[in-house]
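Now for the letters of each chain:
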Amino acid sequence: MENKRKEVKDKKVRVFRLKNTEFDGFERVVKNYIHSEESGGLWAYVRHLSEREIFTAKSVQMEETIQFRIAYSPKLTSDLLLEFGNKTYQIVSIDPYEFNKTDLVIKADEIAPPIFDEIVWENYDDQY
């Protein structure tokens, strides 16, 4: 019997990029979320990688630790950071799941939370 787990997007992740801006002659770091504050983030299926997947990643000098499956959006790029729970993750790879533009499989590493001066939220949500 095949053991097939159901992958339900039941977790919220917040996705952002850091931008350096200048204000009154001082450089500021802005944490710019790609979704609205009201949405609370993007729905995702989240799981830790298996030992086999971690071993494979290490064999090519990658340290992936967690996988997110998020609805497809052209706004999701490898220069973004993710927040899930109380942790921050840097995107290592994005796989356009079966090239059908329905999901993206994102593999990421945990990093120290970045230091920033200001938070900006997008005013709209595409399909989230």
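Residues numbered from 1 in each chain as written. Predicted model: local features only at pLDDT ≥ 70, side-chain atom pairs only at ≥ 80, totals over all residues. Heavy atoms only, no water.

Participant: Go over the overall build of the protein chain with me, naming the residues and quoting the values.
Facilitator: Secondary structure assignment for the protein chain yields one helix and eight strands. In the protein chain, the succession of helices and strands from N to C terminus is β-β-β-α-β-β-β-β-β. Sequence-distant contacts in the protein chain: of pairs separated by 6 or more residues, those separated by 24 or more amount to 62%. (Helix = DSSP H or I, 4+ residues; strand = E, 2+ residues; numbered from the N terminus. Contact = heavy atoms within 4.5 Å.)

Participant: Hey, could you go over the confidence of the model for the protein chain for me, with residue numbers and the actual values?
Facilitator: Looking at the protein chain, pLDDT values average 83 and 80% of them are 70 or higher. Per-residue pLDDT, averaged within each element of the protein chain, yields its smallest value for helix α1 (residues 51–59) (57) and its largest for strand β5 (residues 81–84) (96). (pLDDT = per-residue confidence, 0-100.)

Participant: Account for the nonpolar core, with residues named and values stated.
Facilitator: Grouped together as the largest cluster of nonpolar side chains are 17 residues, with contacts concentrated most on V13, V15, L42, F68, I70, L76 and L82. The set of elements that each furnish at least two residues to this core consists of β1 (11–23), β3 (42–48), β4 (66–71), β6 (87–95) and β7 (103–111). Among all residues touching L82, those that are not within four sequence positions of it are V13, R14, V15, F16, F68, I70, K87, T88, Y89, I91 and I106. (Core = buried A, V, L, I, M, F, W, Y, C linked by side-chain atoms within 4.5 Å. Buried < 20%, exposed > 50% of the residue type's maximum accessible area, 1.4 Å probe, protein only.)

Participant: Tell me about the packing of aromatic side chains, and name the residues and values.
Facilitator: With the rule as written, the count across this model stands at four aromatic pairs. Between F68 and F84, the aromatic rings sit 6.2 Å apart at their centres with planes inclined by 85°, giving edge-to-face as the arrangement. Taken together, the residues span a long stretch of sequence, with F68 in strand β4 and F84 in strand β5 at a distance of 16 residues. Clustering of aromatic rings is evident, with ring pairs tying together F16, Y33 and W121. The aromatic ring of F16 is capped on one face by K31, whose charged end is 4.7 Å from the ring centroid. (Phe/Tyr/Trp six-rings, centres within 6.5 Å; stacked < 30°, edge-to-face > 60°. Lys NZ or Arg CZ within 6 Å of the ring centre and 35° of its normal.)

Participant: Would you mind going over the pairing of strand β2 (residues 26–33) in detail, with residue names and values included?
Facilitator: As paired strands, β1 and β2 are joined by eight bridges and run antiparallel to one another. When the bridges of β2 are listed, R17 appears paired with N32. The antiparallel pairing of β1 with β2 creates a hairpin that spans two residues between the two strands, and D24 there sits at a positive phi of about 50°. Alignment of β2 against strand β8 (residues 118–120), held across three bridges, turns out to be parallel. Bridge pairing in β8 places N32 opposite V120. (Pairing = 2+ DSSP bridges.)

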